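Geometric and topological summary
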Amino acid sequence: MSDPAGVLADLRAESEEVDALVREASDEQWAAVTPAPGWTVAHQIAHLAWTDAAALLAATDPGAFAAEVDKALAAPDRFVDEGAEEGAALPPGVLLARWRDGRERLHRVLREAPPGTRFPWYGPAMSAGALATARLMETWAHGQDVADALGVVRAPTARLRHVAWIGLRARDYAYLVRGLTPPAAPFRLELTAPGGVSGDSVWSFGPDDAPQTITGPALDFCLLVTQRVHRADTALVAHGADADAWLDIAQAFAGPAGGGRAPKGAGS
């Protein structure tokens, strides 16, 4: 994941796929309720535009971004929802244009960043490649919510490899944001690539001799670490007590600890 150009190309492709879901959407579809409580399709796209704008600010004006982080820390339970609400109130055409413009400007800045540059973020500082990977992860995850709301089944692509990578990279953050101590030993992922994806049939991350391993479908892992599915609804298997505990709290995104999704059939 050290090649920013490759990740940026995949980020562009992921963004275009989500864009295609909404570019011809009716007002009723923009207002459709998504699996995220209180969020419509418009909220999902507004969040992507808002987060791209935050990433652009982090990449171009770290001082101003630090002030935004202070605002987030002062209202950890509201700042994400407030950003989505503001954008969702815009006419769909205006919101979509804002997202397109913001993501293109961010793409240019990350593409032109000198090697070794690190950008501040709501979690640990990131390289250009890692920040692009984080944007791809969020674009895919929120795009999944949009697709679910619109009744569209998306075919998983090789771009999920980026989501899996950042899911493992964010392992320690999931502990720290909950006030817990991360395990000392590294973990290993051995994930089955989605059907129809060319290349390796198993995606592996982490040391070969790691004492804790997680196996299962790559799509399930990506849905879990983006908290789009409950662990009980996946085919993931943890080999080791620490790996097992992590799957209950894993999150690939920065910010407060996520609440996750209820298991299928809960409350029925």
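Rules of the game
Residues numbered from 1 in each chain as written. Predicted model: local features only at pLDDT ≥ 70, side-chain atom pairs only at ≥ 80, totals over all residues. Heavy atoms only, no water. Helix = DSSP H or I, 4+ residues; strand = E, 2+ residues; numbered from the N terminus. Rg over C-alpha atoms; globule rule 2.2 N^0.38 Å. Buried < 20%, exposed > 50% of the residue type's maximum accessible area, 1.4 Å probe, protein only. Contact = heavy atoms within 4.5 Å. Lys, Arg positive; Asp, Glu negative; His and termini not counted. Charge placed at Lys NZ, Arg CZ, Asp CG, Glu CD. Pairing = 2+ DSSP bridges. Axes fitted to C-alpha atoms, helices over the stretch in contact; angles between N-to-C directions. Core = buried A, V, L, I, M, F, W, Y, C linked by side-chain atoms within 4.5 Å. Phe/Tyr/Trp six-rings, centres within 6.5 Å; stacked < 30°, edge-to-face > 60°. Parallel < 35°, antiparallel > 145°, perpendicular 65-115°, else oblique. Nonpolar A, V, L, I, M, F, W, Y, C, P; charged D, E, K, R; others polar. Left-handed = near helix turned anticlockwise from the far one by under 90°.

**With respect to the overall build of the chain**
Looking only at helices and strands, one finds 11 helices and six strands in the chain. Here the C-alpha atoms of the chain give a radius of gyration of 18 Å, agreeing with the 18 Å that 2.2 N^0.38 yields for 268 residues. Dimensions of the chain along its principal axes, counting C-alpha atoms only, are 50 × 50 × 40 Å. Considering the chain as a whole, with its 268 residues, one finds that 47% of them fall into the buried category. Sequence-distant contacts, at least 24 apart, represent 70% of the contacts inside the chain between residues at least 6 apart. On the chain, the mean spot of the 23 positive side-chain charges and the mean spot of the 34 negative ones are 3 Å from each other.

**Considerations on the sheet that holds strand β6 (residues 237–239)**
A sheet is described by the order of its strands in space; here four strands give the open sequence β4-β3-β5-β6, paired in mixed fashion. Since the sheet does not close on itself, it has two edges, and those belong to β4 (202–205) and β6, each with one partner. Here the strands of the sheet are splayed against their neighbours by 15° on average, with no regard to which way each runs. Inspection of the sheet shows strand β5 (residues 212–217) paired to β6 by three bridges, in the antiparallel sense. Paired with Ile214 across the bridge in β6 is Ala238. Strands in contact with helix α8 (residues 160–169) are β3 (187–192) and β4; relative to β4, the strand with the most contacts, it is inclined by about 30°. Its contacts with the sheet put helix α10 (residues 218–225) on β3, β4 and β5, and the angle it makes with β5 is roughly 110°.

**As for the nonpolar core**
With 58 residues, the main nonpolar core has Leu110, Trp121, Tyr122, Leu189, Phe221 and Trp246 as its most contacted residues. Leu189 has contacts with Ala164, Leu168, Trp203, Ser204, Phe205, Ile214, Phe221 and Trp246, leaving out every residue within four places of it along the chain. Judged by nonpolar contacts, the second largest core, of 18 residues, contains Trp30, Ala88, Leu95 and Leu96.

**A closer look at the pairing of β5**
Of the strand pairs in this sheet, β3 and β5 are connected by six bridges, and their pairing is parallel. In the strand pairing of β5, Arg188 is matched with Thr213.

**Notes on the packing of aromatic side chains**
Overall, the coordinates contain seven aromatic pairs when judged by the stated rule. Here Trp50 and Phe79 contribute two aromatic rings whose centre-to-centre distance is 5.8 Å and whose plane-to-plane angle is 55°, an arrangement assigned as tilted. Taken as a pair, Trp50 in helix α3 (residues 41–60) and Phe79 in helix α5 (residues 79–88) lie far apart in primary sequence, 29 residues in all. For Trp50, a relative accessible area of 24% translates into the label partly exposed.

**Examining the pairing of β4**
Residues Trp203 and Phe205 point to one face of β4 and are all buried, whereas Val202 and Ser204, pointing to the other face, are not buried. Pairing between β3 and β4: four bridges, direction antiparallel. In the strand pairing of β4, Glu190 is matched with Ser204.

**Notes on the packing of α3 against helix α7 (residues 128–150)**
The contact between α3 and α7 brings their axes to 9 Å, and the two run at 170°. Comparing their axes, α7 and α3 come out roughly antiparallel. Contacts from Val41, Gln44, Ile45, His47, Leu48, Thr51, Asp52 and Ala55 of α3 reach α7 at Leu131, Arg135, Glu138, Thr139, His142, Asp145, Val146, Ala149 and Leu150. Partitioning the contact of α3 with α7 into residue classes produces eight nonpolar, five polar and four charged.

**As for the environment of Glu24**
Within the secondary structure layout, Glu24 lies in the loop between α1 (4–22) and α2 (27–30). For Glu24, a relative accessible area of 71% gives the class exposed. Along the chain, Glu24 and Gly93 lie 69 residues apart, while their C-alpha atoms are 10.0 Å from each other.

**Considering the packing of α8 against α10**
Contact geometry of α8 with α10 gives a least axis separation of 9 Å together with a crossing angle of 55°. Classified by the angle between their axes, α8 and α10 sit oblique to one another. By crossing handedness, the relation of α8 to α10 is classed as left-handed. Contacts between α8 and α10 involve Leu160, Val163, Ala164, Gly167 and Leu168 on the former and, on the latter, Leu219, Phe221, Cys222 and Val225. Looking at the contact of α8 with α10, its residues break down into eight nonpolar, one polar and no charged.

Note that all results are geometric; they support no functional claim without further evidence.
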